[in-house]
Amino acid sequence: MNPIDPRIHQALDGDIARESLPPELRRVVDRLESAAALLAAAVPPQSAGLETRVMAAVRRPAPSGERVRRLLRWFATPQAVTFRIRPAWSLALAAAIVLLTLVPADERGPALGEHEGIAQFVGRFPDAHSVHVAGSFNDWRTGTIPLEDRDHDGVWRATVVLPTGAYEYMFVVDGERWVPDHWADRLVEDDFGRENSIVIVRATWR
Amino acid sequence: MRPGLILVLLASPLAAQSERDRLEGRVPAVAIPTVDSLVQLATREDLPTEPLVQKALEGGAKHQPAVRIAAAAQAMLGQLRDARALLVRAGDAPPATAAEVTTIYAALKRGLPAPVVERIVAALPHEPRGSALHAVADLATHHFEPDSAAALIIDAARQGLRGERLLDVSTAVLHEVQRGHSRAEAVAVVRRQLPNVPSPPKPAGASVAGARRPGTTALPPP
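All values reported here derive from a predicted model rather than from experimental measurement. (Residues numbered from 1 in each chain as written. Chains lettered and ligands numbered in written order. Predicted model: local features only at pLDDT ≥ 70, side-chain atom pairs only at ≥ 80, totals over all residues. Heavy atoms only, no water.)

## With respect to the overall build of chain A
For step 1, the next point in the chain: Of the regular secondary structure elements, chain A holds five helices and eight strands.
For step 2, the next point in the chain: In chain A, the order of α-helices and β-strands from amino to carboxyl end is α-α-α-α-α-β-β-β-β-β-β-β-β.
For step 3, the next point in the chain: Buried residues in chain A amount to 29% of all 206 residues.
For step 4, the next point in the chain: Across chain A, the fraction of contacts at a sequence separation of at least 24, relative to all contacts at a separation of at least 6, is 60%. (Helix = DSSP H or I, 4+ residues; strand = E, 2+ residues; numbered from the N terminus. Buried < 20%, exposed > 50% of the residue type's maximum accessible area, 1.4 Å probe, protein only. Contact = heavy atoms within 4.5 Å.)

## Description of the overall build of chain B
For step 1, the next point in the chain: Counting its regular elements, chain B contains eleven helices and zero strands.
For step 2, the next point in the chain: Overall, chain B shows an N-to-C arrangement of helices and strands of α-α-α-α-α-α-α-α-α-α-α.
For step 3, the next point in the chain: When each of the 222 residues of chain B is scored for burial, the buried share is 43%.
For step 4, the next point in the chain: Within chain B, counting contacts between residues at least 6 apart in sequence, those at least 24 apart form 64% of the total.

## Structural notes on the interface of chain B and chain A
For step 1, the next point in the chain: Taken residue by residue, the interface counts 44 residues in chain B and 49 residues in chain A.
For step 2, the next point in the chain: The junction of chain B with chain A conceals about 4,000 Å² of combined surface from both sides, 53% of it contributed by carbon and sulfur atoms.
For step 3, the next point in the chain: Applying the counting rule to chain B against chain A returns eight salt bridges.
For step 4, the next point in the chain: The closest approach of N and O atoms between Glu148 of chain A and Arg212 of chain B, which form a salt bridge, is 4.0 Å.
For step 5, the next point in the chain: On the surface where chain B and chain A come into contact, there are 17 residue pairs in polar contact (both at pLDDT 80 or more).
For step 6, the next point in the chain: For the side of chain B that touches chain A, the element with the most residues is helix 3 (residues 50-61) of chain B, which contributes seven residues.
For step 7, the next point in the chain: Counted by class, the side of chain B that touches chain A contains 18 nonpolar, ten polar and 16 charged residues. (Buried area = accessible area lost by both parts, 1.4 Å probe. Salt bridge = Lys/Arg side-chain N within 4 Å of Asp/Glu carboxyl O. Polar contact = N/O pair within 3.5 Å; in protein donor to acceptor, adjacent residues only side chain to side chain. Nonpolar A, V, L, I, M, F, W, Y, C, P; charged D, E, K, R; others polar.)

## Things to note about unusual backbone geometry
Residues apart from glycine generally show negative phi values, whereas peptide bonds are mostly found in trans.
For step 1, the next point in the chain: The step from Leu194 of chain B to Pro195 of chain B runs through a cis peptide bond, and the omega angle for that step is 5 degrees.
For step 2, the next point in the chain: Its place among the elements puts Pro195 of chain B in the loop between helix 10 (183-193) and helix 11 (205-209).
For step 3, the next point in the chain: Of note in the backbone geometry, Asp139 of chain A takes a positive phi value of approximately 55 degrees without being a glycine.
For step 4, the next point in the chain: Within the element layout of this structure, Asp139 of chain A appears in the loop between strand 2 (131-135) and strand 3 (146-147).

## Structural notes on empty space enclosed by the protein
All names here are of chain B.
For step 1, the next point in the chain: Following the criterion strictly, the structure yields two cavities of 30 Å³ or more and no others.
For step 2, the next point in the chain: In this model, the second largest cavity occupies a volume close to 40 Å³.
For step 3, the next point in the chain: Along its surface, the second largest cavity is lined by Thr103, Ala106, Ala107, Arg110, Gly130, Leu133 and His134.
For step 4, the next point in the chain: Those elements that place two or more of their residues in the lining of the second largest cavity are helix 5 (98-109) and helix 7 (130-141).
For step 5, the next point in the chain: The class makeup of the residues in the lining of the second largest cavity is three nonpolar, three polar and one charged. (1 Å grid on protein atoms, 1.4 Å probe; cavity = no way out; pocket = protein on both sides within 12 Å on 5 of 7 lines; lining within 4 Å. Points joined across faces, edges and corners; volume = space filled by probe spheres on them.)

## Focus on the side chain of Thr49 of chain B
Residues and elements named next belong to chain B.
For step 1, the next point in the chain: Mapped onto the elements, Thr49 comes out in the loop between helix 2 (32-44) and helix 3.
For step 2, the next point in the chain: Polar contacts involving the side chain of Thr49 include one to the side chain of Glu19, which spans 3.1 Å.
For step 3, the next point in the chain: Dropping the residues within four chain positions of it, Thr49 is found in contact with Glu19, Val39, Ala42 and Thr43.

## Looking at helix 3 of chain B
Since there are 3.6 residues in each turn of an α-helix, residues three or four apart along the chain are aligned in direction.
Residues and elements named next belong to chain B.
For step 1, the next point in the chain: The end-to-end C-alpha separation of helix 3 is 16 Å, in line with the 16 Å expected for twelve residues at 1.5 Å each.
For step 2, the next point in the chain: Within helix 3, eleven of the twelve residues are buried, which leaves it mostly tucked inside the rest of the structure.
For step 3, the next point in the chain: Turning to helix 3, its buried residues number three or more, namely Pro51, Leu52, Val53, Gln54, Lys55, Ala56, Leu57, Glu58, Gly59, Gly60 and Ala61. (Expected span 1.5 Å × (residues − 1).)

## As for a nonpolar patch on the surface
Residue and element names in this part refer to chain A.
For step 1, the next point in the chain: On the surface, a cluster of nonpolar side chains totalling about 430 Å² of accessible area is made up of Ile85, Trp89, Leu93 and Ile97.
For step 2, the next point in the chain: Looking at the element boundaries, Trp89 is found in helix 5 (residues 87-102).
For step 3, the next point in the chain: The exposed category is assigned to Trp89, whose relative accessible area is 58%. (Patch = residues over 30% accessible without salt bridge, like charges linked within 9 Å, V, L, I, M, F, W, Y side chains within 5 Å. Areas by Shrake-Rupley, 256 points an atom, 1.4 Å probe, with all protein chains shown as cover.)

What follows is the structure, encoded as structure tokens:
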């Protein structure tokens, strides 16, 4: 960097008259004063305080394009999130997540009472239009417990929650034909010339 | 007159009325007076009435003629009397509960010889015998000697197995037969394992999820 002639400083400070300078130094002083005038014109008036100027800048509405860009930038920029939780709650949350993850929704059965169990009824009736099960668990009503053949393979199924105990039952095919459960191990005469099947509902299946 | 006796006298006609109401419209009208009189007779004799009502409802649902329903209920009353007599013979402390009489009736109905049922009742004096009797009947159904089946189940009870776990004993014996053992061998194998017999597998989760309580999805009769 070239050292500045000290006479330039003196001329700018008004310590010496500009006319006393050689012509080349006088041109430098002229250029410096022009530059200073330009800078003074670009700086806003300093009469307002810092707070006023900051608030004015904040309140100034940004152009809509700028706002969208700013929003997108916010979404794209990693943000620090602070999450405060007690360790006991965090453990419970983790356990709940594990439970929900490991046990699929379709495998959660109904809540069973202390003296309730599950009875599964399965029968093969390829030509049936409807199959129900009736027994001592439902006062032998024929239309209350339907079996379903969802995949249309002729095998009809129903899963029922019942109080624990032993029950006699039969299938009712198409609303009128009473048929024993041929896959049941336990059969007993029904006193009407046919055989009822017996299902034992256990409380241990929970 | 004692308050308790007054309550019994008041409650009996009310109970009889509610059972008649259950039969109305579900059992041929001409059968109802006979069934009703049998129910009242059972009440007076301290016998269970629910099996009689169930038999009448079953007959009605199966479109049986009135005379056949009445005959079935009449026969059942006699079998309930036999069941209570068996409990007395086996030394069960009176009065026999309706549940106990019904349990013994069901065991006899499944074909267990009365002496075998008596033996089990006497061996399990202070606990429900329903599962024990079903376990023995399950083996008898598969052509096991009822006496040896009863002996095995009584052994299992003496080794601490109770209630529904006794059903697992008969299931274990039947599994041994499926594995190729003779009946005598199967009984011997399971007796050696006692009281460690496997529990039954749980039903598949997906099928349990669809389980419904009767009545919650009631549909009109087809």
